Structure formats: C-alpha cells, structure tokens
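# Structural characterization, general
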Amino acid sequence: MPAGLRLFLGYAFGILVLIGLSLRTVVDLAISAPVSFEGLVVMSLLAYTIFTITLVLQRKEAARGLALGLSSLTIPAVPILALGGLLGPAILIALLAVALFYGLTRPAVRSYLNEP
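What comes next is a walk through the structure. (Residues numbered from 1 in each chain as written. Predicted model: local features only at pLDDT ≥ 70, side-chain atom pairs only at ≥ 80, totals over all residues. Heavy atoms only, no water.)

### A few points about the side chain of Thr74
As a reminder, the rule being used: Helix numbers and strand numbers start at the N terminus; a helix is a DSSP run of H or I with at least 4 residues, a strand a run of E with at least 2. Residues count as neighbours in contact if any of their non-hydrogen atoms are within 4.5 Å of one another.
Positionally, Thr74 belongs in helix H4 (residues 74-83). Filtering out sequence-adjacent residues up to four positions away, Thr74 remains in contact with Tyr11, Ile93, Leu96, Ala97, Leu100 and Phe101.

Given below as structure tokens:
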C-alpha cells in the first residue's frame, strides 16, 4: 500500500475518533429535537468516512476521488484556526493537507486503486 493511502487511512480513522467523541453531544441534541443540523452533519460525515475507508480497503478506483473529497475538509480548517489565533495547529493542519493531497495524487496510488 502506498504511503499516501496509509496517511489517508490514519486521517480517516482520526475523523472517526473525533466523531465518536462528539456523539454524546449529538445524542443530547437528539433528546430535545429528533432532527438537528449538527446531527445531520455528523451522521453524513460518519457515513462518508466509513464508505471511503471501505472502498480504499477494497482497492476500488472510486476511492481516490472520495479520498480527495474527504481530505478537502482540511482546507477550511486552516483559515478558521489561523483567524482564531491558533497558528501552530493551523500550520500542522496545512502540512497535513499538503501531505494528503500530494500522497493521493501520486501515480502509485492510482495504480494501487485498480479495481473497477
């Protein structure tokens, strides 16, 4: 497995950890209102992440586009953190974004994800 996909899988499992940690808040919101914007966003992100991880592990061609889409979540995080005064984390997220996009656009990833 190419290093870019390994980095992506680490990133995706990190997203799953963050979703798991935020589920308590989503469940508390569901008690007062069965459908909330936050709940929809978290559940959509959960489904998208699990589906993308599944396709990467199955070596499907469609996984590359979905992985790039999931990696694009790092882009708005950089200015949000920078404007919030968190310059250190903003630089780390920017470096992660560059590494993800560089790794996922390599020819080795394209040849590895070869199942139709």
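### Overview of the pattern of salt bridges
Put simply, the rule reads: Salt bridges are defined as contacts in which a side-chain nitrogen from Lys or Arg sits within 4 Å of a carboxyl oxygen from Asp or Glu. A simple rule labels every residue: compare its accessible area, found with a 1.4 Å probe on the protein chains alone, to the largest value its type can have, and call it buried under 20%, exposed over 50%, or partly exposed in between.
By the definition in use, this model includes one salt bridge. Across the salt bridge formed by Asp28 and Arg24, the nearest N and O atoms sit 3.9 Å from each other. Here Asp28 and its partner Arg24 are both found in helix H1 (residues 3-32), four residues apart, which amounts to about one turn of the helix. Under the relative-accessibility criterion, Arg24 is labelled exposed at 59%.

### Some remarks on the packing of aromatic side chains
Threshold: Centres within 6.5 Å make a pair out of two Phe, Tyr or Trp rings, where for Trp the six-membered ring is used; the pair is then stacked when the planes are under 30 degrees apart, edge-to-face when over 60, and tilted otherwise. Look at NZ for Lys and CZ for Arg. If either is within 6 Å of the ring centre and within 35 degrees of the ring normal, a charge sits over the ring.
Applying the stated criterion across every chain yields a total of one aromatic pair. Aromatic pair Phe8 and Tyr11: ring centres 6.4 Å apart, planes at 50 degrees, arrangement tilted. Of this pair, Phe8 and Tyr11 both sit in helix H1, three residues apart, which is roughly one turn of that helix. Accessibility assignment for this pair places Phe8 and Tyr11 in one class, buried. For Arg59, the ring lying beneath its charged end belongs to Tyr112, and the centroid distance is 4.1 Å.

### Observations concerning the packing of H1 against helix H5 (residues 87-104)
For clarity, the threshold we go by: Fitting a line to C-alpha atoms yields each axis, with helices limited to the stretch in contact; the angle taken between N-to-C directions then spans 0 to 180 degrees. Roughly parallel means an angle under 35 degrees; roughly antiparallel means over 145; roughly perpendicular covers 65 to 115; every other angle is labelled oblique. Definitions for this section: a left-handed crossing has its near helix turned counterclockwise from the far helix by less than a right angle. A right-handed crossing has that turn clockwise. Note on residue categories: nonpolar means Ala, Val, Leu, Ile, Met, Phe, Trp, Tyr, Cys or Pro, charged means Asp, Glu, Lys or Arg, and polar means any other residue, Gly included.
Contact geometry for H1 and H5: axes closest at 8 Å, N-to-C directions at 135 degrees. Here H1 lies oblique to H5, going by the angle between them. Considering the relative orientation of H1 and H5, their crossing is left-handed. Residues Gly4, Leu5, Leu7, Phe8 and Tyr11 of H1 form the contact with H5, whose participating residues are Leu96, Ala99, Leu100, Gly103 and Leu104. By residue class, the composition of the contact of H1 with H5 is eight nonpolar, two polar and no charged.

### Details of the layout of surface pockets
Rule in force here: Computed over the protein atoms alone on a 1 Å grid, cavities are sets of points where a 1.4 Å probe fits but cannot get out and pockets are open sets with protein on both sides within 12 Å along at least five of seven lines; a residue lines them when it has an atom within 4 Å of a point. Grid points are joined across faces, edges and corners, and a volume is the space filled by probe spheres set on the points.
Its volume calculated, the largest pocket comes out at about 220 Å³. Lining the largest pocket, in full, are Tyr11, Gly14, Ile15, Leu18, Ile19, Leu45, Leu73, Thr74, Ala77 and Ile93. A per-element tally of the lining of the largest pocket places H1 first, with five residues. Broken down by class, the residue content of the lining of the largest pocket amounts to eight nonpolar, two polar and no charged.

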